Amino acid sequence: MSTTAEPVALGVSSPVADVVAKTTTTVANAIAKTVAVISSTVSTSSTTGTTSTATATATSTSPTSATPTTSTTFAYTPTPTPIQSASASLEDGGEKLSVKDLGQALQHFGIVDYLVFIAMLAVCAVIGFYFGFIEKKQKKQKLAGKDGGGGAGIEERRGSEALDYLVGGRQMKVFPVALSLVASFVSGISLLGTSTEIYVYGTQYAFILVTLAISGAISWYIFLPVFCNLQLTSTYEYFEMRFNKSVRLLGSAFFTGVNLIWLPIVIYVPALAFNQVTGINIHVITPIVCLVCIFYTTAGGLKAVVWTDVIQTVIMIGAVIFVIIKGTLDVGGLGVVIKRNFESGRVEWPEFTFDPKVRMGMLALMVGSVGHNAYQFGCNQMMTQRYMSLPGVKQMAHTSFIFVVGLILLYALCFYNGLLLYATYYDCDPLTTKLAVAKDQLVPLLVVQSMSSFPGVPGMFVAGVFSAALSSLSTGMNSLAAVFLEDYIKPLAKKPLTEHETAVVVRVCTIITGIVSVALVFVVERMSSHVLQLGITIGSVVQGPLFGLFMMGLLCPSINSKSAITGSIFAFIFMGWLTISAQIAINSGEIHPEEKPVSIEGCDYEFDRSLLTPANATLHSGESASLSFAEQLYHISFMFYTSMGGALSVIVGHLAGFIFGRNKPGDVEDDLLSPCIRRFQKSKYSSVNLNEYSLRISDEKQ
């Protein structure tokens, strides 16, 4: 077997680095020149702002002065900005900015910010172009120089269009794949929604950090060893090996459905952030940015997705760290951040309760979140496809460890950013005053208010949020292309697809998925819910039944195909009713989780106080006796949904065994079961080498 690998796989200097470096240098030079021009303008404006603010403050020292002593902006930065200058000038005239005027003034996205944002998109497009055209051409030339037999034959099979496009020829390196996993998992939903969760509901959700490590261990020791051994392109091929083709199609259909629902939410969140800082309509920016993502995913395949994820992860983490450091200095330091959050009751101990209706109790986190993340880490096609791009189990183990550690660190940054949000707006809640229209515009609002004196930083932050979204979108499109090819098109094709036909099919599938996702943003926009909750709630409709299918296959050798289908379909119907009922209850105000207190006493701008309404009544656990049984069910915390759907699938699957029968001991091959179950299983197929079986199936598909 040939051991020849791609330059990227070997970790040596790759031509893509040279191409990206040249492009980045060109863009950086343009940005540097623009910064020099705008910096002088900002400095002049800042000086004017300082003078105006000083004048306003001096005037306000008179007891009879009607001029407020506080600044008319929300910027808690000691560095005056162009916005402060405008506010101070109005203040000299004895007027306050209205919330509408302030909102328009805060939409300060300069040319440097646009250049930074465009540079991120340009680098991603260049990477896609390189892997789609330059690297592909180089590979063809390399193969053309080899003899047709022996090692070259293996190399050609390893470099086939499907393997190369969908799993990078199974020769990717550990660190890029680990960063790609982090970028794919932490979408814009997590980047903005996690911080907002802390601001609105407190630190209960922060204890999810413990569950991430537990979920990572479960996924590696129970689920991933089987998929790593089988070396599958589509995870749902496992269902055909374990059950039959019908179960495989059912699992693929579930995955397709959940991603067509989830991807529009992923796109919508950064569009909100961009709208907050620029005022550009979300339906204008969404198609433009997604076209770039569709291009590099379609052209470059998994290699382009992974390497753009690396760039996007660096931008994302860098933007969050910059905002945290600057924001902490603005409010007076770490001590002030902690003090203000303690005084408001946001920093709290975990709530140990067995009431499943408590939104973020430890039961919801330890049971619900562990199950949800175990599925995401170990069974989700978007994650396992990255693991399949690695050459061996050892590399997969290292990648899994780096991924979990990186995820914990990034989530910790997002949690602290939520505390920083409250420390900044502790006496003037922008949600109450409608300065921020949606909850998930709070973080972008903080950025534009505290970073407007740093040209390019708002652009870097928006690029970071969009990077998180684009990494998830590109991963989703690439994974759906794999599922469409392996689970729908190849099984239905009358004859094996040629290399050219395969190339066309996967790229058409990618384009169609991207277009549909952009179109569905219109639907997501009209759903009233916090995006973190919305993403988990909607996804669990099929993630729960899918999780159940994997558990039945890997952990329950006695369950046969008919019982597995019965259990998963029953769970799908039940979870569909549960999530729809819960969403209706949220929209009607029947379910209104208790929010932490906010204040508007320190607001120094005008807003419509007639819009203020008393806080909605909150349903506490003590009121549960007045609820019907059905209401008790859909009032359960959304954190349980995936685990609940999975458990229900397994229970119904076992019960269906009384009708459809059960597998006999030894009917299931050992390699199709989790390692923790194999020791109890006496298989009559113990001599079967599933690696050879998988290789034979792969060769037949080629």
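Residues numbered from 1 in each chain as written. Predicted model: local features only at pLDDT ≥ 70, side-chain atom pairs only at ≥ 80, totals over all residues. Heavy atoms only, no water.

**Here's the deal with unusual backbone geometry**
Thinking step 1. The backbone of Gln231 shows a phi angle near 55°, a positive value even though the residue is not glycine.
Thinking step 2. Mapped onto the elements, Gln231 comes out in the loop between helix 10 (208-230) and helix 11 (237-242).
Thinking step 3. Look at Gln231 and you get partly exposed, because its relative accessible area is 26%. (Helix = DSSP H or I, 4+ residues; strand = E, 2+ residues; numbered from the N terminus. Buried < 20%, exposed > 50% of the residue type's maximum accessible area, 1.4 Å probe, protein only.)

**Points about the environment of Val405**
Thinking step 1. With respect to the helices and strands, Val405 occurs in helix 17 (residues 393-424).
Thinking step 2. Measuring from C-alpha to C-alpha, the distance between Val405 and Ala213 comes to 8.0 Å, with 192 residues separating the pair along the chain.

**Some points on the state of the cysteines**
Thinking step 1. Considering all chains together, one arrives at one disulfide under this definition.
Thinking step 2. At a sulfur-sulfur separation of 1.8 Å, the disulfide partner of Cys428 is Cys603. When the S-S torsion is 105°, as for the bridge of Cys428 with Cys603, the disulfide is right-handed. Taken together, the residues span a long stretch of sequence, with Cys428 in the loop between helix 17 and helix 18 (430-433) and Cys603 in the loop between helix 24 (561-588) and helix 25 (629-634) at a distance of 175 residues.
Thinking step 3. Residue classification places Cys428 among the buried positions, given a relative accessible area of 0%.
Thinking step 4. Since its relative accessible area comes to 11%, Cys603 is described here as buried. (Disulfide = S-S within 2.5 Å.)

**Section: helix 21 (residues 499-519)**
Thinking step 1. Relative to the 30 Å expected for 21 residues at 1.5 Å per residue, helix 21 spans 31 Å between its end C-alpha atoms, a close match to the ideal helical length.
Thinking step 2. Among the residues of helix 21, Thr502, Ala503, Val505, Val506, Arg507, Cys509, Thr510, Thr513, Gly514, Ser517 and Val518 are the ones counted as buried. (Expected span 1.5 Å × (residues − 1).)

**What about the nonpolar core?**
Thinking step 1. The biggest cluster of nonpolar side chains holds 173 residues, and the ones touching the most others in it are Phe117 and Phe403.
Thinking step 2. When neighbours within four sequence positions are excluded, Phe117 is seen to be in contact with Phe274, Ile285, Val289, Gly459, Val462, Ala463 and Phe466.
Thinking step 3. Formed by five residues, the second largest nonpolar core is a distinct cluster that contains Val123, Ile127, Phe131 and Ala304. (Core = buried A, V, L, I, M, F, W, Y, C linked by side-chain atoms within 4.5 Å. Contact = heavy atoms within 4.5 Å.)

**Comments concerning the side chain of Asn560**
Thinking step 1. Looking at where Asn560 falls in the secondary structure, it is placed in the loop between helix 23 (531-555) and helix 24.
Thinking step 2. Asn560 sits in the buried class, given a relative accessible area of 13%.
Thinking step 3. Within the local environment of Asn560, its side chain forms a polar contact with the backbone oxygen of Gly661, the two atoms lying 3.0 Å apart.
Thinking step 4. Not counting residues up to four positions away in its chain, the partners in contact with Asn560 are Phe243, Phe660, Gly661, Arg662 and Asn663. (Polar contact = N/O pair within 3.5 Å; in protein donor to acceptor, adjacent residues only side chain to side chain.)

**Focus on the pattern of salt bridges**
Two side chains of opposite charge can pair, provided their charged atoms sit close to one another.
Thinking step 1. All told, the structure shown has eight salt bridges when counted by the stated rule.
Thinking step 2. Linked through salt bridges whose partners overlap, the residues forming this network are Glu240, Arg248 and Asp487. (Salt bridge = Lys/Arg side-chain N within 4 Å of Asp/Glu carboxyl O.)

**Overview of helix 24**
Thinking step 1. Relative to the 40 Å expected for 28 residues at 1.5 Å per residue, helix 24 spans 41 Å between its end C-alpha atoms, a close match to the ideal helical length.
Thinking step 2. If you check the start of helix 24, you find a side-chain oxygen 3.4 Å away from the backbone N of Lys562, and it comes from Asn560.

**Some points on the confidence of the model for the protein chain**
Thinking step 1. For the protein chain, mean pLDDT is 76; residues scoring 70 or higher make up 75% of the total.
Thinking step 2. When mean pLDDT is compared element by element in the protein chain, helix 26 (residues 641-660) scores highest at 94, while helix 1 (residues 7-10) scores lowest at 32.
Thinking step 3. With pLDDT under 50 throughout, residues 1-93 is counted as low confidence; its partners more than four residues away or in other chains account for 123 contacts.
Thinking step 4. Scored below 50 in pLDDT, residues 615-625 makes 13 contacts in the model with residues more than four places away or belonging to other chains. (pLDDT = per-residue confidence, 0-100.)

**Focus on the packing of helix 20 (residues 457-492) against helix 21**
Thinking step 1. At a minimum axis distance of 9 Å, the contact between helix 20 and helix 21 shows a crossing angle of 130°. Our classification of the angle between helix 20 and helix 21 gives oblique. Considering the relative orientation of helix 20 and helix 21, their crossing is right-handed. Taken together, the residues of helix 21 that come into contact with helix 20 (itself represented by Leu473, Met477, Leu480, Ala481, Phe484, Leu485 and Ile489) are Thr502, Val505, Val506, Cys509, Thr510, Thr513, Gly514 and Ser517.
Thinking step 2. Of the residues in the contact of helix 20 with helix 21, the class split is ten nonpolar, five polar and no charged. (Axes fitted to C-alpha atoms, helices over the stretch in contact; angles between N-to-C directions. Parallel < 35°, antiparallel > 145°, perpendicular 65-115°, else oblique. Left-handed = near helix turned anticlockwise from the far one by under 90°. Nonpolar A, V, L, I, M, F, W, Y, C, P; charged D, E, K, R; others polar.)

**Topic: the packing of helix 10 against helix 17**
Thinking step 1. Running from N to C, helix 10 and helix 17 point in directions that differ by 160°, and their axes come no closer than 10 Å. On the basis of their axis angle, the class for helix 10 and helix 17 is roughly antiparallel. Where helix 10 crosses over helix 17, the two elements pack in a sense that is right-handed. Residue-level contacts link Ile208, Leu209, Leu212, Ala213, Gly216, Trp220 and Cys228 of helix 10 to Val393, Met396, Ala397, Ser400, Val404, Leu407, Ile408, Tyr411, Ala412 and Phe415 of helix 17.
Thinking step 2. Here the contact of helix 10 with helix 17 is composed, by residue class, of 15 nonpolar, two polar and no charged.

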